[in-house]
Amino acid sequence: MSKLLSTSPDADSQEISDDTSIIRKAMQRMAAGDYSVRIADSVSGGELGELASAFDAMTEKLLKSEQRFRSYVENLNDVLFALTPSGIFSYVSPQWKRAFGYEISETIGQPFTPFVHPDDIAGCFEFLQRVISTGTKQSGVEYRVLCKNGCYLWYTANASFITDPVDGTPMLVAIGRDITERKLTEEALRQSEEKFSAAFRSSPDAITITRVGDNIFLEVNDGFSAMTGYAAHEVVGRSPSDLDMYIDPEKEALFIRELEDSGTINNSEAHFRRKDGSGFAGQLSARIIKIDGEPHVLAITRDITERELIQKELLKAQKLESIRILASGIAHNFNNVLTGVIGYLSYAKKHLGNPDIVLPLLESAEKASFRAAALARQLLTFSRGMAPVKKPVPVDTLIQESVSLFLTGTNVRGIIDCEPHPDICADAQQISQAFNNIILNAIQSMPEGGTLAVRVFAATLSDGNRFQLSAGDYVKMVFTDSGCGIGGEDLGKIYDPYFTTKDSGTGLGLSSTFSIVKSHNGCIEITSEVGKGTTVTILFPVSAE
């Protein structure tokens, strides 16, 4: 008969005893961590049945809670682990294997020391004892974990000391986080700082760090002290102005403006004053950098005094060579002229009684004298001995006349593009001579024919322009040919008198052109590339009338 139909007191007692046993065994299983146990269907109704239903509801919630916690732990990127007070692993999360390659079974029951870099074991033990002795959460320990493949990963851990709720044993529960990337970045930064520090200290160049705004020295290297004679403690907290280091103070102001505008200075030259008052030439490069988030100026100055002296000596030698070439050219030209004059006069003396013979000889001697006078005028123009007679001149008219005169009958095609522009104040004869010299050079550079393009337009220059002219309005002329071009070595000598790359040239064309342009407060610039042609740029100030 079913126990639901039993009404015997003994049967009821047995039934209660059986239900109680079921509940007791279920609680023991739950205490052991088995939250899957269910007993409501195995216990009779009444109060014990209600208790069994409550028990099942409770274990269901505990099971879900455990599943949720396990999901968190299993998907955690950090490593969760537990240690006994003596440092034996009693638990590691699944991330342990993913992070380090060890099986869980290879870890539980093992001391932590074989898994930690030997240099970090003492620090980990000290951290373990601090957690145990304080009984409070501790953080900040950093250590290297040996992976199964032999490499090390940097980790940091937070830990607390608790009592196991199951068996009551004390344990240290910790969370380890991978900081390898951060440590590698720190190490790279440290090495970079060490390299910079070594370069800063050992560089023979003067390296300084100054504050943006007041230009106060914050740090200088030994190269600075050797170059200037100032010890570091004598300059830190002071500016170059305080020490009167710039021989030309305007240079310092110019450098500061350039840094404010572009953030960098590259190979700018200036003259500085040492502690003993002597001067030296320096080549300065600087840029704005951030230190602790604040802008500072890192500057490197190289002593170029010896180089400057060598350049001066080289320039002096070049000038002497130019003078030698000039003297040789003048002597050669005048010797040719005088030879003709003397020869005609000597021949005329032999025929004084025959006017028909003497007159042509004297006329030839006179023409030779005129050539000598023309040569003298050209030399005077070159030496600025003949001041220009200036008046308003239309540039486009002079250019058209010169191009038409010299290109007629040649295989060079001329292109003239004159935009609206004001007149210049100039000596028309000298300006025409300058244009003639440029056009003649262009024609001679294109023996097989080519194109000469001339463009004229108005231009306005500001302060600090690359032509080093005063700010204002100018007329700009650009002559571009498609000729053979000029080599880089020869390009530096084109204004030297009697220097020429042509067999038939005199070497005075560009020399006199340069002098004419300068005497008119203008500027001439020539750029060229072998095989591609030459461009001559001239600027003249606009006439004030």
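Scroll up a little and you will see the structure.
Quantities reported herein were computed from a predicted structural model and do not represent experimental measurements.

Trainee: Which parts of the structure should I look at to understand helix 13 (residues 428-444)?
Mentor: Each full turn of the α-helix corresponds to 3.6 residues, which orients residues three or four apart in the same direction. End to end, helix 13 covers 24 Å across 17 residues, agreeing with the expected 24 Å (1.5 Å per residue, within 8%). Listing the buried residues of helix 13 in full gives Q430, I431, S432, A434, F435, N436, N437, I438, I439, A442 and I443.

Trainee: Could you clarify how one ought to interpret the sheet that holds strand 15 (residues 472-481) in this entry?
Mentor: Sheet strands line up and pair through hydrogen bonds in the backbone, either parallel or antiparallel. The sheet built from five strands is open, its strands ordered 12-14-15-17-16 with mixed pairing. Both edges of this open sheet fall to strand 12 (412-418) and strand 16 (523-529), since each of them pairs with a single strand only. Put simply, the sheet's adjacent strands are angled 15° from each other on average, direction ignored. Taken together, the 10 bridges between strand 14 (residues 450-461) and strand 15 define a ladder with antiparallel strand orientation.

Trainee: What exactly am I supposed to notice about unusual backbone geometry here?
Mentor: Of all residues except glycine, most have a negative phi; of all peptide bonds, most are trans. A positive phi angle, close to 60°, is found at N215, a residue other than glycine. With respect to the secondary-structure elements, N215 resides in the loop between strand 6 (206-211) and strand 7 (217-220). One non-glycine residue, D244, adopts positive backbone phi at about 55°. Checked against the element boundaries, D244 lands in the loop between helix 8 (240-243) and helix 9 (249-262). Residue classification places D244 among the partly exposed positions, given a relative accessible area of 42%.

Trainee: Would you take a moment to explain the pattern of salt bridges for this structure?
Mentor: Oppositely charged side chains can pair when the atoms bearing their charge come close. One pass over the full model with this rule turns up 21 salt bridges. The shortest N-O distance in the salt bridge between E142 and K183 comes to 3.1 Å. Here E142 is found in strand 3 (residues 138-146), whereas its partner K183 is found in helix 5 (residues 180-202), with 41 residues between them in sequence. Residue E142 is classed as partly exposed on the basis of its relative accessible area of 31%. A salt bridge links R190 to E194; its shortest N-O distance comes to 2.3 Å. Here R190 pairs with E194, and both are found in helix 5, just four residues apart, close to one helical turn. For R190, a relative accessible area of 34% translates into the label partly exposed.

Scoring rules and cut-offs
Residues numbered from 1 in each chain as written. Predicted model: local features only at pLDDT ≥ 70, side-chain atom pairs only at ≥ 80, totals over all residues. Heavy atoms only, no water. Helix = DSSP H or I, 4+ residues; strand = E, 2+ residues; numbered from the N terminus. Expected span 1.5 Å × (residues − 1). Buried < 20%, exposed > 50% of the residue type's maximum accessible area, 1.4 Å probe, protein only. Pairing = 2+ DSSP bridges. Axes fitted to C-alpha atoms, helices over the stretch in contact; angles between N-to-C directions. Salt bridge = Lys/Arg side-chain N within 4 Å of Asp/Glu carboxyl O.

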